[in-house]
Amino acid sequence: MKAKSLHFSKHGSAQPIAAEIGRVYQCVCDQIPPAYPCEGDKVVFIGVEMSGKLPGPVEHFCRDLNPTRAKNVAFYVINGNVSGLDGIKKELEANGVHMVDDVLTLEIKSSLFKKGVPTDADIQKAMEWSKNVIANKLK
């Protein structure tokens, strides 16, 4: 299965999860915007830190997706509210790209001087979610 694991986070907390998804599914792991565009991917996993609305670079990246680039997009959100994805879901669907309804949310704690790092349990939860997405949610 052709896939990509992309991430966008101000504090870097999405990167360890994206890297593990890339390792397990033997796919490219990159930041948004990626060095190379999506081409013929069955699923693009996108990890994003959100504090309200979807960050601009992620929104711009998603607006350029179409079925020849990616058939499905699956989001996991760190420290945010999934309602910030409502607008992009409509745009993706209008472009012919399916957005998986099962959005994973993770709360990753950070201190005043130290960025939040996902725990092994967070990464395990993300991997279980990704397996479920691939098994049941793709079109």
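These notes cover the structure that comes with them. (Residues numbered from 1 in each chain as written. Predicted model: local features only at pLDDT ≥ 70, side-chain atom pairs only at ≥ 80, totals over all residues. Heavy atoms only, no water.)

1. Section: the nonpolar core
Just so we agree on the cut-off: The term nonpolar core refers to a set of buried residues drawn from Ala, Val, Leu, Ile, Met, Phe, Trp, Tyr and Cys, joined through side-chain atoms within 4.5 Å. Remark: exposure states derive from per-residue accessible area (1.4 Å probe, protein chains only) relative to the maximum for the residue type, with buried under 20%, exposed over 50%, and partly exposed in between. Counting from the N terminus, the helices are DSSP H or I runs at least four residues long and the strands are E runs at least two residues long. We call two residues in contact when some of their heavy atoms are within 4.5 Å.
Core analysis: the largest hydrophobic core is formed by 22 residues, its most contacted members being I46, F75, L85 and L92. Every element with two or more residues in this core is listed here: β3 (41-49), α2 (56-63), β4 (70-78) and α3 (86-94). The element that contributes the greatest number of residues to this core is β4, accounting for four residues. Discounting chain neighbours no more than four positions away, the residues touching L85 are M50, L54, F75, V77, M99 and V103. Within the second largest apolar cluster, 21 residues are counted, among which are Y25, I78, L104 and L106.

2. Some points on the environment of P16
Checked against the element boundaries, P16 lands in helix α1 (residues 15-25). Once the C-alpha coordinates of P16 and S83 are considered, the two residues, 67 residues apart in sequence, prove to be 24 Å apart. What P16 contacts, discounting residues up to four positions off in sequence, is P118 and I123.

3. Remarks on the packing of α2 against α3
Using the following cut-off: Axis lines are fitted to C-alpha atoms, over the contacting stretch for helices. Their N-to-C directions set the angle, which ranges from 0 to 180 degrees. Angles are sorted into four bins: roughly parallel if under 35 degrees, roughly antiparallel if over 145, roughly perpendicular if 65 to 115, and oblique for all others. Two helices that cross are described as forming a left-handed crossing if the nearer one is turned anticlockwise from the farther one by less than a right angle, and a right-handed crossing if clockwise. Amino acids outside the nonpolar list (Ala, Val, Leu, Ile, Met, Phe, Trp, Tyr, Cys, Pro) and the charged list (Asp, Glu, Lys, Arg) are all regarded as polar, and Gly is one of them.
Packing of α2 against α3 brings their axes to within 9 Å, and their N-to-C directions diverge by 15°. Taken together, α2 and α3 sit at an angle that is classed as roughly parallel. Here α2 and α3 pass one another in a crossing that is right-handed. Listed contacts from α3 to E59, C62 and R63 of α2 are I88, E91 and L92. Of the residues in the contact of α2 with α3, the class split is three nonpolar, no polar and three charged.

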